[in-house]
Structures are given as structure tokens and as C-alpha cells.
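# Geometric and topological summary
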Amino acid sequence: QITTVSGNEFLLQSDIDFLILDWFHAIKNAIDRLTKERSYTSRNLEFKLRRSSSIELLNRLDTESKEPKPEHRKSLIFRLNYSASDTNDRNRVKSRLKKFISRRPSLKTLQEKGLIKDQIFGSHLHLVCEHEKSTVPQFVRLCIEAVEKRGLDVDGIYRVSGNLATIQKLRFVVNQEEKLNLDDSQWEDIHVVTGALKMFFRELPEPLFPYCFFEQFVEAIKIQDNTARIRSIRSLVKKLPSPNYDTMKILFEHLKKIAAKESVNLMSTQSLGIVFGPTLLRPEKETGNMAVHMLYQNQIVELMLSEYSEIFGAEED
């Protein structure tokens, strides 16, 4: 998933690992190349594109602070946008903007004052569960119920993307704690429901597989002996906090039902591993081993689906 500085989002998907890796390197090289370009033309273009936002932000600065007169301000903005060499004025504007932003109350302060409600998307899993007095978020349960009711036989379920605008609308409804009815006609596209569920897990500040467990799961999946590998994964899963374990169990049970319909929906355990691997577990800090990590992430999810009964079974509990 790629998010541009302008806010546009693109989702590139493939079941072929080396193709995904080629995409990643091409995009990374383009970003690295662009950041190194410092020509007058590129900077001039950047300043032009930012002109409107610069004017708007300058107009919102504290009126009591010392600032140029309107005529001088227009001249300053003109130089800011059309003179790549005048760094003093740019630094002055940056300083003002930093002061302006630093005076804004934090999200936590606004939440404590009741001006902003606790969010479902983007909140820690345990906080969502504490708020709802459960160990599995209600939104996760509702999405799973909806998919199992009308999406098990849908070709490419969880792989095909839904309309992003509608997904964001659903996200807004959930965050506003409005009563959610996924049978409503506006959510009739099941890919919107699956897209929102994936977005929920993707936006968790800490993934479903906690950061402190990431390397342990990677080491476990490397074990050559299959019995020992399953036993190690099972042991790690049992150590997870209750919200993580219970949510993981109900999610993987659901995905196992998806894989059971592979002949119809064309979603195998491998396909689901590719879709959910990077969404459910990732390292806290990305390193140069990103491509290798992606392979292990997919394999962990695939194994846990294939050996669901062994890993989440009741033996030895």
C-alpha cells in the first residue's frame, strides 16, 4: 500500500513474491532519487504546489505575534515560492509554524476533555477491548459474521480491494460509535467490509502479533522439523495477552473457513498468508531485511491456518 504526500492511496497486489519485491525496489529507488534532486526547477515546482497551503497557514498564525505587514507578507510569500535561494525567509516561516502547531492541544488532552471520542481505528487493541468490556473487538466480530454470511464464495475475497471512499466512510461511522448495521445497502459490497477489517488491523499502533514476539515467531518458523515448528508456534501463541489471543483465534478460525472454500473463492492458505502476513505481524523497526521478513510473515500465517487445530487446540492447556 502506497500513500503519497497528496493523500492518494494505491494498493498493489500480487501472489508472486519476486514481483512484489521488484515493485518495492522500483518504488524505493524512485523515492531515493527524488529526495536527492535539488535542482532549481524541482524546488521551484515544489514551492508553487505549496503556495496555497503556505498562505493559509500564515494567515492562521497568532495575530498578536510580530509579523510583516500585509504588503510585506505577500512579498515574503512570493519569495518563498519563487526563490529557491532565499532560505532565511523559509526558516522564519518554519519557525512560526512550529510555534503555532506547538500551541495546539494534544489528542490525549482533547480526549480527556471529551472533545474527541476514543477511536476504534488506530487505537491499541487492549484499549478497544477494555472500552467494550470484551477480549475481541465488536467490529471484528461484525465483519467476520458479515463475510461468513455473504462472502465465503466470493472470488478473491480479502484479496480484491473495495472502494476506498466507502471503506473510509465505514471507518468514520465506526469511530463515531454510530450503530453499525453491515446488512445496510451502503455496505453491500463485501469487499468494503473486508477492506475495512484489514484496515482496522493495519492501523493498530501495535500489530495483532505484538512487537516483542516478532523475532520469536520468525525464529520458530525457521525450524526445519515440522512437529517442533508447530509446537514452538503454539507455545508462543499461548503466551499472547488475552485480547491478542482471543482476537487471533476467532480471526484465524474465520480465515480457515475462507480457505476451505478455495475451489470457489480461489483463496488458498498461501494466498491468505500473502494478504494477512504483513498486516498482522511486522517488526517494530524496518530494516534491510524487509523482503525476507515478508516471506516469513506470510509463512507464519499460512502455517497457523494449515495447523489451526494443533496450534489453537485445547490440549496441554
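Cut-off values and rules
- Residues numbered from 1 in each chain as written.
- Predicted model: local features only at pLDDT ≥ 70, side-chain atom pairs only at ≥ 80, totals over all residues.
- Heavy atoms only, no water.
- Salt bridge = Lys/Arg side-chain N within 4 Å of Asp/Glu carboxyl O.
- Helix = DSSP H or I, 4+ residues; strand = E, 2+ residues; numbered from the N terminus.
- Buried < 20%, exposed > 50% of the residue type's maximum accessible area, 1.4 Å probe, protein only.
- Phe/Tyr/Trp six-rings, centres within 6.5 Å; stacked < 30°, edge-to-face > 60°.

Under an unreviewed UniProt entry, the protein chain has the name RHG15 protein and belongs to Bucco capensis.

This next bit is on the pattern of salt bridges. A complete count under the given rule lists 5 salt bridges for this structure. One salt bridge connects Glu148 with Lys257, and the closest N-O pair in it is separated by 3.3 Å. One end of the pair, Glu148, is in helix H8 (residues 138-150); the other, Lys257, is in helix H13 (residues 242-260), with 109 residues separating them in the sequence. In this structure Lys257 comes out as partly exposed when scored by relative accessible area, which is 36%. For Asp153, the salt bridge is made with Lys261, and the minimal N-O distance between the two is 3.4 Å. A residue pair is termed long-range when its members are at least 10 positions apart, and Asp153 in the loop between H8 and helix H9 (164-175) and Lys261 in the loop between H13 and helix H14 (262-265) qualify at 108 residues.

Quick look at the packing of aromatic side chains now. Applying the stated criterion to the full structure yields 11 aromatic pairs. Ring geometry for Phe209 and Phe252: centres 6.5 Å apart, planes at 70°, overall edge-to-face. Of this pair, Phe209 sits in the loop between helix H10 (190-202) and helix H11 (211-221) while Phe252 is found in helix H13, placing the two residues 43 residues apart along the sequence. Phe252 matches Phe209 in its accessibility class, with the two residues each being buried. A connected cluster of aromatic rings, assembled from ring pairs, spans Phe209, Phe213, Phe217, Tyr245, Phe252, Tyr308 and Phe312.

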